[in-house]
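# Summary of structural features
The lines below spell out each chain.
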Amino acid sequence: MIEKLFSFIPQKLAGFMEKHLKKIPYVKKRVDKELNKVIKDLETSLKPYKDVFNSNTHLPREPFKKEDILEQIIEMNTREEDKWKDGYVSGAVYHGNQEHIEFLNKVYAVTSQINPLHSDLWPSASRFEAEIIGMTATMLSSKKTEDPICGTVTSGGTESILLAMKTYRDFTRVNKNIKNPELIVPETAHAAFDKACQYFNIKMQHIRVNKNFQADISQVKKAINKNTIAIVGSAPSFPHGTIDPIEEMSAIAMEHNIGFHTDACLGGFVLPFAEKLGFDVPLFDFRLKGVTSMSADTHKYGYAAKGTSVVMYRGEELRHFQYYTATDWPGGLYFSPTFAGSRPGALSAACWASLLSIGEKGYLDATRKIMDTANKIKQGICDIPELYILGKPLWVIAFGSKKLNIYRVLDEMTQKGWSLNGLHKPSCVHIAITLLHTREGVCQRFVDDLKLAVERVKTTPDTKKGMAPVYGMAATIPARGIVSDILKKYLDTYYKT
Ligand SMILES: Cc1ncc(COP(=O)(O)O)c(C=O)c1O
């Protein structure tokens, strides 16, 4: 109620009112009550092992038996596997085939001691990483441009993005004397760009998207100024799976001598194959002269184990601004390419093994299956009159409703075992199709469950339980501070024994 009242008030004023309103005892009591309720719900789902195992709050005086430790790990893993292996989860686990997982695990087991920081000890790490970058860059058309494309292996999409943004900040400071850096980013781009701006003191210039959820070109042009360090486009975006007009955006960037980053974390290992299979894929990679950097996640549709991604640059000069070197440290000459110092070389080994063992043929097959399943799911959603699909997605499909509270539909799907992503601005839910959804019966089960979920929301009263009330709060400006508190408390809970 309170939230609704404030939804039309400008952000700054709403923030001010929230701060002062929360001091009124009645309001404070209500807010605290709501907050505690939500946190209690979250705690139950985050700490299911509290009643199953003893908590370890200090080192055991006597070491545990290895078989007992393994037993606990296997028990937790089995319970958790049950959640994703039958294809109930959006994104998260992208391959999931047991044989593939076991192969990666074998590679990890052999290479677990490798640290690329000590490349003199483990030159194999250099081979793994150089070849991962080479294979990824070639897939993204590095051989179709005269410029040398180079890169580094990172720990995931967020690190790739943070590093690229830091690189542009430092490059433009030296080469253009930009002291107050600004970044132009479509509002649908991943939150990692906001994180980069916060961490590296860059001003974020958010660009609105059009009715198809693609960056509005006229807004991009308007936002450019002498402090712009780079422009960003997604291929595709996390929320709605739509590809920004990267050809036009990167051309504008080049015209103004500004860097352009294509975030292909989600699509890097799908779009090149979808294009080969004849799907309508616009240009997004290094074939576009204006694209000066890219990110592509091997730990998503590259089907590697969690913990690797690739960030790529047009030319080594740019990559140099990512590297860190220390020449006056008493610990010796120190240099490292990414944020971490010591790094898990075994993850690079497993990533390398994943790319080689799947090969172009495997990625083509996987993409074909994913696209076929996505088409069926899109049709299933279109057949439900209360729902509509946002934009024109390929395989990351967001859907909303003009008639129902879509978060209640999300909660109903959760009750049925599905783990989908709730999104907002506008309110919708998405499913990122993975290989697990291409298995026999999964797609039909999704469509059937979705129909039932919609029917139930239509015919039952709102109990105000689950995520629907939290999203309801986040949708209103004054309540965002409260939601932020909830999220921080959630993280606190994560670290509680
Ligand atoms: C488009 C896009 N960019 C970046 C990221 C961030 O990747 P990560 O979660 O690996 O840090 C994601 C994650 O889903 C994404 O979809």
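Up top you'll find the structure we're talking about.
Residue numbers here run from 1 along each chain, matching the order of that chain's written sequence. Local features in this predicted model are restricted to residues whose pLDDT is 70 or higher, and side-chain atom pairs enter the listing and the counts only when it is 80 or higher, whereas totals over whole chains, interfaces and linings include all residues. The side-chain numbers reported here are obtained from all heavy atoms of the structure, hydrogens and water having been left aside.

Moving on to the overall build of the protein chain. A count of helices and strands for the protein chain gives 17 helices and 13 strands. Against the globule reference of 23 Å for 497 residues, the protein chain gives a C-alpha radius of gyration of 24 Å, in line with a compact fold. Along the first, second and third principal axes, the C-alpha atoms of the protein chain reach 65 × 60 × 55 Å. Here the term buried applies to any residue with accessible area under 20% of the maximum for its type, exposed to any over 50%, and partly exposed to those in between, with areas from a 1.4 Å probe on protein chains only. For the protein chain, the proportion of its 497 residues judged to be buried stands at 50%. Residue burial considers only the protein chains on display, and all accessible areas are found by Shrake-Rupley using a 1.4 Å probe. As displayed, the protein chain has an accessible area near 26,100 Å², and 55% of this comes from carbon and sulfur atoms. Positive and negative side-chain charges of the protein chain, numbering 65 and 55 respectively, have mean locations separated by a distance of 6 Å. Secondary structure counts use DSSP, requiring at least four H or I residues in a row for a helix and at least two E residues in a row for a strand, with both numbered from the N terminus. All radius of gyration figures rest on C-alpha atoms, and the globule criterion is 2.2 Å times the number of residues raised to 0.38. Positive charges are assigned to Lys and Arg, negative charges to Asp and Glu, while His and the chain termini are left out of the count. To locate a charge, take NZ of a lysine, CZ of an arginine, CG of an aspartate or CD of a glutamate.

So, on to helix α14 (residues 406-415). Taking burial as the measure, the 10 residues of α14 include 8 buried ones, the bulk of the element. Where α14 is concerned, the buried positions are Ile 406, Tyr 407, Arg 408, Val 409, Leu 410, Asp 411, Glu 412 and Met 413. In this description, contact between two residues means that some pair of their heavy atoms is separated by no more than 4.5 Å. At its buried positions, α14 is contacted by β10 (387-389), β11 (396-401), β12 (421-423), β13 (428-432), α15 (442-459) and α16 (468-474). Just past α14, the residue Gly 417 takes up positive phi, approximately 100 degrees.

Let's shift gears to the layout of surface pockets. Space inside the second largest pocket adds up to approximately 520 Å³. Considering the residues around the second largest pocket, the lining is formed by 22 residues, among which Pro 116, Ser 119, Glu 129, Pro 337 and Arg 343 are closest to the centre. Broken down by secondary-structure element, the contributors of at least two residues to the lining of the second largest pocket are α6 (123-139), β1 (149-154), β8 (324-326) and β9 (334-336). Ranked by residues supplied to the lining of the second largest pocket, first place goes to α6 with 5 residues. Following the grouping adopted for this structure description, the nonpolar residues are Ala, Val, Leu, Ile, Met, Phe, Trp, Tyr, Cys and Pro, the charged ones are Asp, Glu, Lys and Arg, and the polar ones are all others, Gly among them. Of the residues assigned to the lining of the second largest pocket, the class counts are 10 nonpolar, 8 polar and 4 charged. Cavities and pockets were defined on a 1 Å grid built over protein atoms only: a cavity is a set of grid points that admits a 1.4 Å probe from which the probe cannot escape, a pocket is an open set flanked by protein on both sides within 12 Å along at least five of seven lines, and lining residues are those with an atom within 4 Å of any such point. Grid points are joined across faces, edges and corners, and a volume is the space filled by probe spheres set on the points.

What follows deals with the sheet that holds β10. The 4 strands are arranged β10-β11-β13-β12 in an open sheet whose pairing can be described as antiparallel. Both outer strands of the open sheet, β10 and β12, are each paired with one neighbouring strand and no more. Shown here is a sheet whose adjacent strand axes are inclined to one another by a mean of 35 degrees, direction ignored. Two strands make a pair as long as DSSP finds a minimum of two bridges between them. Pairing of β12 with β13 involves 3 bridges; the strand directions are antiparallel. Within β13, the position partnered with Gly 422 by the bridge is Val 429. An axis is simply a line fitted to the C-alpha atoms; with a helix, the fit covers only the stretch in contact. Between two such axes, the angle follows the N-to-C directions and lies from 0 to 180 degrees.

Strands sit in the order β1-β7-β6-β5-β4-β2-β3 across an open sheet of 7 strands; the sheet is mixed. Edge positions in the open sheet fall to β1 and β3 (203-207), since each of these has one partner strand only. This sheet shows a mean twist of 20 degrees between the axes of neighbouring strands, independent of strand direction. Pairing analysis gives 3 bridges linking strand β2 (residues 182-186) to strand β4 (residues 228-234), with the strands arranged parallel. Paired with Glu 182 across the strands is Thr 228, a residue of β4. Each of β1, β2, β4, β5 (259-264), β6 (293-296) and β7 (309-314) is contacted by helix α7 (residues 157-176), which is oriented at about 25 degrees to β7, the strand it contacts most.

This brings us to the packing of helix α13 (residues 345-382) against α15. Here α13 crosses α15 at 15 degrees, and the two axes come no closer than 10 Å. In terms of their interaxial angle, α13 and α15 are classed as roughly parallel. Crossing geometry of α13 relative to α15 is assigned as right-handed. Each of Thr 373, Lys 376, Ile 377, Gly 380 and Ile 381 in α13 lies in contact with α15, whose residues at this interface are Cys 443, Phe 446, Val 447 and Leu 450. Residues belonging to the contact of α13 with α15 are distributed by class as follows: 6 nonpolar, 2 polar and 1 charged. Angle categories are assigned with fixed cut-offs, so that under 35 degrees is roughly parallel, over 145 is roughly antiparallel, 65 to 115 is roughly perpendicular, and the rest are oblique. Crossing handedness: left-handed means the near helix sits turned counterclockwise from the far one by under a right angle, and right-handed means the same turn made clockwise.

Turning to the site of the ligand, a few remarks are in order. Residues are classed as near a molecule or strand on a simple rule: at least one heavy atom within 4 Å of it. Surrounding the ligand, one finds 13 residues, the nearest of these being Gly 157, Thr 158, Asp 263, His 299 and Lys 300. Thr 158 is positioned such that a nitrogen or oxygen atom in its side chain is 2.5 Å from an oxygen atom of the ligand. Between Asp 297 and the ligand, the recorded distance is 3.5 Å, taken from a side-chain N or O atom to an oxygen atom. Considering the ligand on its own, with 390 Å² of exposed area, one finds that the protein chains cover 85% of that surface. For the shell around the ligand, the element with the highest residue contribution is α7, accounting for 3 residues. Taken together, the residues of the shell around the ligand break down into 5 nonpolar, 5 polar and 3 charged. The term polar contact refers here to a pair of N or O atoms within 3.5 Å; inside protein, the definition further demands a hydrogen-donor-capable atom paired with an acceptor-capable atom, and it admits residues adjacent in sequence only when both atoms are side-chain atoms.

Salt bridges are defined as contacts in which a side-chain nitrogen from Lys or Arg sits within 4 Å of a carboxyl oxygen from Asp or Glu. Under the criterion given, the structure shown has 20 salt bridges. Put simply, Asp 147 and Lys 289 hold a salt bridge, and the shortest N to O gap is 2.8 Å. Note that Asp 147 is positioned in the loop between α6 and β1 and Lys 289 in the loop between α11 (271-276) and β6, a separation of 142 residues in sequence. Classification of Asp 147 as partly exposed rests on a relative accessible area of 23%. It is possible to trace a salt-bridge network through shared partners that takes in Lys 166, Arg 169, Asp 170 and Arg 173.

The next thing to look at is helix α10 (residues 246-255). Listed in full, the buried residues belonging to α10 are Ile 246, Met 249, Ser 250, Ile 252 and Ala 253. Along α10, the residues classed as buried sweep out an arc of 155 degrees about the axis, all on the same side. Packing partners of the buried residues in α10 comprise β2, α9 (217-223), β4 and β5. The arc in question is formed by the directions pointing from the helix axis toward the C-beta atoms.

Moving on: a positive patch on the surface. In this scheme, patches are assembled from residues that exceed 30% relative accessible area and form no salt bridge. Like charges are connected within 9 Å, while nonpolar side chains (Val, Leu, Ile, Met, Phe, Trp, Tyr) are connected within 5 Å. There is a patch of like positive charges on the surface, built from Lys 29, Arg 30, Lys 33, Lys 37 and Lys 465. Position of Lys 465 among the secondary structure elements: in the loop between α15 and α16.

To continue, consider the nonpolar core. Working definition of a nonpolar core: buried Ala, Val, Leu, Ile, Met, Phe, Trp, Tyr and Cys residues. They are joined through side-chain atoms within 4.5 Å. Counting 93 residues, the largest nonpolar core has Tyr 301, Trp 395 and Phe 446 as the members making the most contacts within it. The leading source of residues in this core is α13, at 15 residues. Excluding anything up to four places from it in sequence, Phe 446 contacts Ile 377, Ile 381, Phe 399, Met 413, Trp 418, Leu 420 and Ile 431. Within the second largest apolar cluster, 24 residues are counted, among which are Met 165, Ala 196, Phe 200 and Ala 230.

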